[in-house]
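Results of the structural survey
Residues per chain, in single letters:
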Amino acid sequence: MSIDSTAAVIVTYAPNILDLNRLVNSLSTQVRQIYIIDNGSLMPTGLDQLDSVDLTSLPNNMGIAYGQNIGLLKAINDGFIDFVIFDQDSLPSETMISDLFSARIQALKAGIKVAAVGPVHIDQDNLSESTFIDTSQKVLKKIIPRIFLDMGAHFAKCDFLISSGCLISKDSLDIIGYMEDGLFIDCVDIEWGFRALDRGLHCIAAFDAKMYHKIGEIPLKLLGRELTTHSPVRHYYFYRNVYQLLKRPYVPYCWKRHTLIKSTIQAFVFSLFLSPRLDHFKSILKGICHGLTNKNGKYE
């Protein structure tokens with residue numbers, strides 16, 4: 001549980017180099033080694049010349065799960081036992097990784113078998129804080145960090161974590177397994193969290209750990225609310241993978257019910273109000289059909 005045993009894995013695709021440099025600089029004092037796995041987007045030279053950076057350029061875009069697995073395996077082969085996964089547009093606080101370790105130690109002392117520990121994500125646009133999901137009582141409950149902190153709680157068990165910023169140990173990977181690369185991008189972290197729960201390990205929300213993160217594209221404003229949006233192809237992956245998870249026996253029923261209702265409503269909203277409407281409709285419909293027929297891999 002130290003910098004010397006900890007590596008960061010960053011998966012990139014056509015990254016903003018200024019943002020990526022900022023992330024690398026932030027991590028350089030928090031981990032021993034940084035592995036960048038680029039998904040076929042012709043990364044510029046320079047980053048790979050830093051002693052603490054190991055750059056792997058894949059010839060094609062193989063998806064975020066595949067890239068994460070490549071980075072994790074490289075880190076394990078180099079002797080690391082703890083790993084923190086990042087997206088290219090994330091920015092951790094100066095103490096985020098030590099805060100994650102602190103939360104893990106507290107959870108382990110409480111007798112919890114830990115799968116991974118994740119920070120509170122702060123949206124770069126509106127500064128809102130992420131919430132977490134708990135279905136342990138057979139109903140879907142939202143965990144709001146500031147409420148728990150006000151009660152003196154610095155961590156809580158949850159069902160899954162946003163993968164960016166997650167602290168994962170080799171021991172937990174040995175039990176749970178790696179990311180499901182057939183999902184390609186969306187719901188990879190959700191599936192892994194539910195798989196961990198099925199094997200008796202818990203994801204931990206660390207309320208003192210903070211990370212800035214870009215979530216989605218320009219939000220859709222409707223009836224006084226802002227809905228997170230993505231491109232049509234991302235909506236394809238989301239709906240395809242959600243409909244696959246709806247069939248998995250280890251995914252809690254209350255999550256399935258909540259997600260099916262919410263995603264159905266959003267499908268109508270996006271198809272009616274999010275430009276280009278027809279493209280979103282076609283992508284969502286195709287995603288649902290491919291999810292029902294168990295199609296995996298890259299969008300074709």
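Residues numbered from 1 in each chain as written. Predicted model: local features only at pLDDT ≥ 70, side-chain atom pairs only at ≥ 80, totals over all residues. Heavy atoms only, no water.

Across the junction of serine 275 and proline 276, the peptide omega takes the value -5°, indicating a cis bond. Mapped onto the fold, proline 276 is located in the loop between helix H8 (253-273) and helix H9 (277-292). Here alanine 14, not a glycine, exhibits a phi torsion of approximately 45°, which is positive. Located in the positive-phi region is cysteine 187, a residue other than glycine, with phi close to 70°. Of note, cysteine 187 is situated in the loop between helix H5 (170-176) and helix H6 (188-198). (Helix = DSSP H or I, 4+ residues; strand = E, 2+ residues; numbered from the N terminus.)

Interhelical geometry of helix H7 (residues 232-245) versus H9 gives an angle of 25° and a closest axis separation of 7 Å. Here H7 lies roughly parallel to H9, going by the angle between them. Of the two possible hands of crossing, H7 and H9 adopt the one that is right-handed. Together, Pro232, Val233, His235, Tyr236, Tyr239, Arg240, Tyr243 and Gln244 of H7 and Asp279, His280, Ser283, Ile284, Lys286, Gly287, Ile288, His290, Gly291 and Leu292 of H9 make up the contact between the two elements. (Axes fitted to C-alpha atoms, helices over the stretch in contact; angles between N-to-C directions. Parallel < 35°, antiparallel > 145°, perpendicular 65-115°, else oblique. Left-handed = near helix turned anticlockwise from the far one by under 90°. Contact = heavy atoms within 4.5 Å.)

With that settled, consider the nonpolar core. If you look at the biggest cluster of nonpolar residues, it comprises 33 residues, and the most contacted ones within it are Phe132, Ile168, Met179 and Trp192. Contacts of isoleucine 168, omitting those with residues within four sequence positions, involve Ile81, Asp82, Phe83, Ile85, Ala115, Ala116, Leu173, Met179 and Trp192. Core analysis: the next-biggest nonpolar cluster, separate from the first, contains 27 residues, Leu27, Val31, Ile36 and Leu167 among them. (Core = buried A, V, L, I, M, F, W, Y, C linked by side-chain atoms within 4.5 Å. Buried < 20%, exposed > 50% of the residue type's maximum accessible area, 1.4 Å probe, protein only.)

Tallied over the entire structure, the rule returns 1 cavity of 30 Å³ or more. Within this model, the largest cavity holds a volume of roughly 80 Å³. Lining the largest cavity, in full, are Ala116, Leu161, Ser163, Cys166, Ile168, Met179, Asp189, Trp192 and Cys203. Residues that form the lining of the largest cavity fall into these classes: 7 nonpolar, 1 polar and 1 charged. (1 Å grid on protein atoms, 1.4 Å probe; cavity = no way out; pocket = protein on both sides within 12 Å on 5 of 7 lines; lining within 4 Å. Points joined across faces, edges and corners; volume = space filled by probe spheres on them. Nonpolar A, V, L, I, M, F, W, Y, C, P; charged D, E, K, R; others polar.)

The first and last C-alpha atoms of H8 sit 30 Å apart over 21 residues, in line with the 30 Å expected at 1.5 Å per residue. Residues of H8 that are buried include every one of Cys254, Trp255, Lys256, Thr259, Ser263, Gln266, Ala267, Val269, Phe270 and Ser271, and no others. (Expected span 1.5 Å × (residues − 1).)

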